[in-house]
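As a plain string of letters, each chain reads:
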Amino acid sequence: APWKQAWAAYCQAYGGGVNDPAKHEHAFLKGFLDFLGQQGSMVLSGNVMSMRNSGRIRRSAAGPAGGANGGYAPDPKKALVSRIKAFQRMGEDQKGLWGAYCDGHLGGIRDPIRHDLSALQAFCSKNSVP
């Protein structure tokens, strides 16, 4: 599988050849995900137009983003909600940061899906949410 191959190559290059994720620090695991994200972003930014032109990515009739995310564009709000939920699962400190932000800025409503994109972006920026 491509993910497994990418992990093995990353571990060989940066992790002393140790492939077991349990034997690496959180920062190393995050570094791997950041690396994949950067690589994917570079590939997609260079190839989306050619993929669209070749027909491998199509826009739906609902519009540029495919209406309710039925096209090729990812839903930025869902991505931020996922990031915030993962951030909270990192530990009590992170969960507390989200709770304090909700209490201070969002009327105490802690479900991230219930907030607008700008509020989620502000929290992620302020707290360096991965």
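Check the entry above for the structure.
Computed from a prediction, not measured in an experiment: that's the story for all the values here. (Residues numbered from 1 in each chain as written. Predicted model: local features only at pLDDT ≥ 70, side-chain atom pairs only at ≥ 80, totals over all residues. Heavy atoms only, no water.)

Visitor: When you look at the packing of helix 4 (residues 92-105) against helix 5 (residues 117-126) in this model, what are you seeing that I'm missing?
Guide: In a packed pair of helices, the relevant descriptors are the angle between the two axes and the axis-to-axis distance. It is the contact of helix 4 with helix 5, at a shortest axis distance of 11 Å, that shows an interaxial angle of 135 degrees. With respect to helix 5, the element helix 4 is oriented oblique. For the pair helix 4 and helix 5, the sense of crossing is right-handed. Contact residues: Leu-97, Trp-98, Tyr-101 and His-105 in helix 4; Ala-119, Leu-120, Ala-122, Phe-123 and Lys-126 in helix 5. Looking at side-chain class alone, the contact of helix 4 with helix 5 contains 7 nonpolar, 1 polar and 1 charged residues. (Axes fitted to C-alpha atoms, helices over the stretch in contact; angles between N-to-C directions. Helix = DSSP H or I, 4+ residues; strand = E, 2+ residues; numbered from the N terminus. Parallel < 35°, antiparallel > 145°, perpendicular 65-115°, else oblique. Left-handed = near helix turned anticlockwise from the far one by under 90°. Contact = heavy atoms within 4.5 Å. Nonpolar A, V, L, I, M, F, W, Y, C, P; charged D, E, K, R; others polar.)

Visitor: Looking at this structure, I do not really get the nonpolar core. What am I missing?
Guide: Soluble, globular proteins show a tendency: their nonpolar side chains are buried together. By size, the foremost hydrophobic cluster in this structure holds 13 residues, and its most contacted members are Ile-84, Trp-98, Leu-106, Leu-120 and Phe-123. For this core, the secondary-structure elements that each account for two or more residues are helix 3 (76-89), helix 4 and helix 5. Not counting residues within four places of it along the chain, the set of residues in contact with Leu-120 comprises Lys-77, Leu-80, Val-81, Ile-84, Trp-98, Pro-112 and His-115. With 6 residues, the next largest nonpolar core counts Trp-7, Tyr-10, Cys-11 and Leu-36 among its residues. (Core = buried A, V, L, I, M, F, W, Y, C linked by side-chain atoms within 4.5 Å. Buried < 20%, exposed > 50% of the residue type's maximum accessible area, 1.4 Å probe, protein only.)

Visitor: Help me understand the layout of surface pockets in this model?
Guide: Its volume calculated, the largest pocket comes out at about 170 Å³. Lining the largest pocket, in full, are His-26, Leu-29, Lys-30, Leu-33, Asp-34, Met-90 and Pro-130. Partitioning the lining of the largest pocket into residue classes produces 4 nonpolar, 1 polar and 2 charged. (1 Å grid on protein atoms, 1.4 Å probe; cavity = no way out; pocket = protein on both sides within 12 Å on 5 of 7 lines; lining within 4 Å. Points joined across faces, edges and corners; volume = space filled by probe spheres on them.)

Visitor: Can you walk me through helix 5 in this structure?
Guide: What helix 5 keeps buried is the set Ala-119, Leu-120, Phe-123 and Cys-124. Down the axis of helix 5, the smallest arc covering the buried residues is 130 degrees, so these residues share one side. Turned more than 90 degrees from where helix 5 packs its buried face, Ser-125 and Lys-126 sit exposed. Positive backbone phi, at 50 degrees, marks Ser-128, one or two positions downstream of helix 5. (Arc of directions from axis to C-beta.)

Visitor: In this structure, what is going on with the environment of Val-81? I would like to understand it.
Guide: Turning to its location among the elements, Val-81 is positioned in helix 3. Using a relative accessible area of 6% as the deciding quantity, one classes Val-81 as buried. A sequence separation of 34 residues divides Val-81 from His-115, and the C-alpha atoms of the two residues are 9.2 Å apart.

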